[in-house]
Structures are given as structure tokens and as C-alpha cells.
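Below are the chains, spelled out letter by letter.
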Amino acid sequence: MKQKCSAVLAAITIAIMFLTGCSTSISNNASADWAFSFVVWNDYLYQIDDEYVMEVEEEIGEVTVYSDMEGTYDGNFSNEYVEGTKYYSIQGISTEEAIAVQEDGKYRKAVRNGKYERNE
């Protein structure tokens, strides 16, 4: 009898562990699983590159909206950089190709990756 109770208790424990492990919970505080870090400038998405640039020209904008929550946002949005982070044009490179994002006193290259699609 004792062995049968132990087996039932073990089966219940395993079932509870399995069901708990398979459950999904939705949290309002969950961050998105972005495919890559990016900024949006003038309605275009620029993917953050590993490359840093040395020669920037003029300031062209800044992050106006930051969020790590999946969604679409208005303005110069970023999923990586906080509001106020500056954008610059890169010497010798068109802004249609890439821009620079100020990061800790350096300038990180961001490569244009197409039009930023908003859910209207």
C-alpha cells in the first residue's frame, strides 16, 4: 500500500511539474524579443552595426521614444537607445545608406534597413 501511494504521489508531482513547465503566462512587463537593435529616423529603420565611425558631420536628430516592448511607435523610436540619444550624418556616406548614433562618446554606425512600418 505504501509503495502504491508513493507511486501515485510521484505521478502527481511529475504531472504538476509538466503542466507548470508547459504553461505560458503573459505579463505586461515582458520585454520583446527583438531580432536586432535599431533606431528609426525620418520613417526609416536603421539596424545598429558592430562598426564605429570616426568622422561624423552634423547632428540630424535624436531618439524621441524608447521602448523594449514589442510594438510600433511614432517619432524617432529606438529599442536600444534612450530618449535624447543623438543621431549624426557620417562623413562621405549618404543618410540613405547609414547614420551614426552617439554611444558613450563614440559614434556607432546604423545601416538603413528599409521603411519603418507602423500599424495605422
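Structure's up top.
Residues numbered from 1 in each chain as written. Predicted model: local features only at pLDDT ≥ 70, side-chain atom pairs only at ≥ 80, totals over all residues. Heavy atoms only, no water.

Asker: Now, about the packing of aromatic side chains: what can you tell me, with residues and values included?
Answerer: Under the counting rule described, the total for this entry stands at six aromatic pairs. Residue placement shows Lys106 over the ring face of Tyr52; its charged tip is 5.3 Å from the ring centre. We note Lys115 situated over the ring of Tyr44; from NZ or CZ to the ring centre the distance is 4.7 Å. (Phe/Tyr/Trp six-rings, centres within 6.5 Å; stacked < 30°, edge-to-face > 60°. Lys NZ or Arg CZ within 6 Å of the ring centre and 35° of its normal.)

Asker: Could you give an account of the nonpolar core, naming the residues involved and the relevant values?
Answerer: Val39, Trp41, Tyr46, Ile48, Val63, Tyr81, Tyr87, Ile99, Val101 and Ala110 form the largest nonpolar core, which has 10 residues in total. Elements with a contribution of two residues or more to this core: strand 1 (38-41), strand 2 (44-53) and strand 7 (98-103). (Core = buried A, V, L, I, M, F, W, Y, C linked by side-chain atoms within 4.5 Å. Buried < 20%, exposed > 50% of the residue type's maximum accessible area, 1.4 Å probe, protein only. Helix = DSSP H or I, 4+ residues; strand = E, 2+ residues; numbered from the N terminus.)

Asker: Lay out unusual backbone geometry in plain terms, naming residues and giving numbers.
Answerer: Excluding glycine, residues mostly have negative phi values, and the peptide bonds linking residues are mostly trans. For Asn42, which is not glycine, the phi torsion reads 50° and is therefore positive. Along the chain, Asn42 turns up in the loop between strand 1 and strand 2. On the accessibility criterion, Asn42 (47% relative accessible area) is partly exposed. Even without being a glycine, Asp43 presents a positive backbone phi close to 70°. With respect to the secondary-structure elements, Asp43 resides in the loop between strand 1 and strand 2. Looking at Asp43, the relative accessible area reads 35%, which means it is partly exposed.

Asker: How would you summarise the side chain of Glu103 if you had to cite specific residues and measurements?
Answerer: Mapped onto the elements of the fold, Glu103 is located in strand 7. Only 2.5 Å separates the side chain of Glu103 from the side chain of Tyr81, close enough to count as a polar contact. At 3.1 Å, the side chain of Glu103 and the side chain of Arg108 are in polar contact. The contacts of Glu103, once residues within four sequence positions are left out, are Tyr52, Tyr81 and Arg108. (Polar contact = N/O pair within 3.5 Å; in protein donor to acceptor, adjacent residues only side chain to side chain. Contact = heavy atoms within 4.5 Å.)

Geometric values such as these leave the question of function open.
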